[in-house]
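Each chain, written out:
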Amino acid sequence: PENLPLLEGYAQSMSDIRSRIGTWSTHRARREIYASLLRAAIKCRDAPRVDVQFGLSPSSWVMSLDLSERTALVTCQNKGEDALIFRSNSQFYKSYCDDFEASWRTCRVVTPRLQQAVPEIAQDLTGNDCRILNQFYKSLGLSECTDDELAAIVQTLGRDHDYA
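Rules behind the numbers
Residues numbered from 1 in each chain as written. Predicted model: local features only at pLDDT ≥ 70, side-chain atom pairs only at ≥ 80, totals over all residues. Heavy atoms only, no water. Helix = DSSP H or I, 4+ residues; strand = E, 2+ residues; numbered from the N terminus. Rg over C-alpha atoms; globule rule 2.2 N^0.38 Å. Buried < 20%, exposed > 50% of the residue type's maximum accessible area, 1.4 Å probe, protein only. Contact = heavy atoms within 4.5 Å. Areas by Shrake-Rupley, 256 points an atom, 1.4 Å probe, with all protein chains shown as cover. Lys, Arg positive; Asp, Glu negative; His and termini not counted. Charge placed at Lys NZ, Arg CZ, Asp CG, Glu CD. Phe/Tyr/Trp six-rings, centres within 6.5 Å; stacked < 30°, edge-to-face > 60°. Salt bridge = Lys/Arg side-chain N within 4 Å of Asp/Glu carboxyl O. Pairing = 2+ DSSP bridges.

### A short note on the overall build of the protein chain
Turning to step 1, where the next piece is worked out: What the protein chain contains, in helices and strands, is 5 helices and 5 strands.
Turning to step 2, where the next piece is worked out: Reading the secondary structure of the protein chain in the N-to-C direction produces α-α-β-β-β-β-α-β-α-α.
Turning to step 3, where the next piece is worked out: For the protein chain, whose C-alpha radius of gyration is 17 Å, the value lies close to the compact-globule estimate of 15 Å for 164 residues.
Turning to step 4, where the next piece is worked out: Principal-axis analysis of the C-alpha atoms gives the protein chain an extent of 55 × 35 × 30 Å.
Turning to step 5, where the next piece is worked out: Taken over 164 residues, the protein chain has a buried fraction of 34%.
Turning to step 6, where the next piece is worked out: Sequence-distant contacts in the protein chain: of pairs separated by 6 or more residues, those separated by 24 or more amount to 60%.
Turning to step 7, where the next piece is worked out: Summed over all atoms, the accessible surface of the protein chain reaches about 10,300 Å², with 49% contributed by carbon and sulfur.
Turning to step 8, where the next piece is worked out: Of the charged side chains in the protein chain, 19 are positive and 22 negative, and the gap between their average positions amounts to 4 Å.

### Quick notes on the environment of D82
Turning to step 1, where the next piece is worked out: Along the polypeptide, D82 turns up in the loop between β3 (71-75) and β4 (83-87).
Turning to step 2, where the next piece is worked out: Taking the C-alpha atoms as reference points, D82 and Q12, 70 residues apart in sequence, are found 22 Å from one another.

### Looking at the packing of aromatic side chains
Turning to step 1, where the next piece is worked out: One pass over the full model with this rule turns up 6 aromatic pairs.
Turning to step 2, where the next piece is worked out: For the ring pair F86 and Y96, a centre distance of 5.4 Å and an interplane angle of 25° mean the geometry is stacked. One end of the pair, F86, is in strand β4; the other, Y96, is in helix α3 (residues 91-104), and 10 residues separate them in sequence. In this pair, the class of F86 matches that of Y96, namely buried.
Turning to step 3, where the next piece is worked out: The interplanar angle of 20° and the centroid separation of 5.8 Å between the aromatic rings of F100 and W104 together place this pair among those described as stacked. You can see F100 and its partner W104 sitting in helix α3, 4 residues apart, about one turn around the helix.
Turning to step 4, where the next piece is worked out: We classify F100 as partly exposed; its relative accessible area is 35%.
Turning to step 5, where the next piece is worked out: W104 gets classed as partly exposed once you look at its relative accessible area, which sits at 25%.
Turning to step 6, where the next piece is worked out: Taken together through their ring pairs, the aromatic side chains of Y34, F136 and Y137 make up a single cluster.

### Topic: the environment of V118
Turning to step 1, where the next piece is worked out: As for its placement among the helices and strands, V118 is situated in the loop between β5 (108-110) and α4 (127-139).
Turning to step 2, where the next piece is worked out: The buried category is assigned to V118, whose relative accessible area is 7%.
Turning to step 3, where the next piece is worked out: Taking the C-alpha atoms as reference, V118 lies 10 Å from R131; in sequence the two are 13 residues apart.
Turning to step 4, where the next piece is worked out: When residues no more than four places from it in sequence are discounted, the contact partners of V118 are R45, D129, I132 and L133.

### Some thoughts on the pattern of salt bridges
Turning to step 1, where the next piece is worked out: Applying the stated criterion across every chain yields a total of 5 salt bridges.
Turning to step 2, where the next piece is worked out: Between E32 and R28 there is a salt bridge, with the nearest N and O atoms lying 3.3 Å from each other. Here E32 pairs with R28, and both are found in helix α2 (residues 26-46), just 4 residues apart, close to one helical turn.
Turning to step 3, where the next piece is worked out: Judged by relative accessible area, which is 11%, E32 ranks as buried.

### Structural notes on the pairing of strand β2 (residues 64-67)
Turning to step 1, where the next piece is worked out: Of the strand pairs in this sheet, β2 and β3 are connected by 4 bridges, and their pairing is antiparallel. From the neighbouring strand, L67 faces β3, where its bridge partner is A72.

So, in structure tokens, the structure goes:
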């Protein structure tokens, strides 16, 4: 979220996705990353046995790769499009796992942990909540946000899906 050329490329690729609404900017791309980190931290706080890690990568990939012990699922970013499924006995499955592991090694890994509750409705944010959120982002090695940016990040928490 701190790499401007990477954010520009990501924003462009997200703007080109037919199932997304609106044009993305670098500000929106950064906000969505910050919101994903916050969303995960809230879920982990509510479910303490859940462990989530994010890899902040120096590069991006426009496909979506979901790996499990049984399958590799490769999709585009357009909602409803076809996907490729490779079972663990496929020659491609190990290649996708190897590619993921190699890419993961280039990431800065962060574990989002939020110790205190914060409102999940932007209008309910107080100055103290903004300080808590900025401390959270600082603990991940990320830049602080303005109160308006934090309100925009929190506002994304109420979405039903990520195609808005």
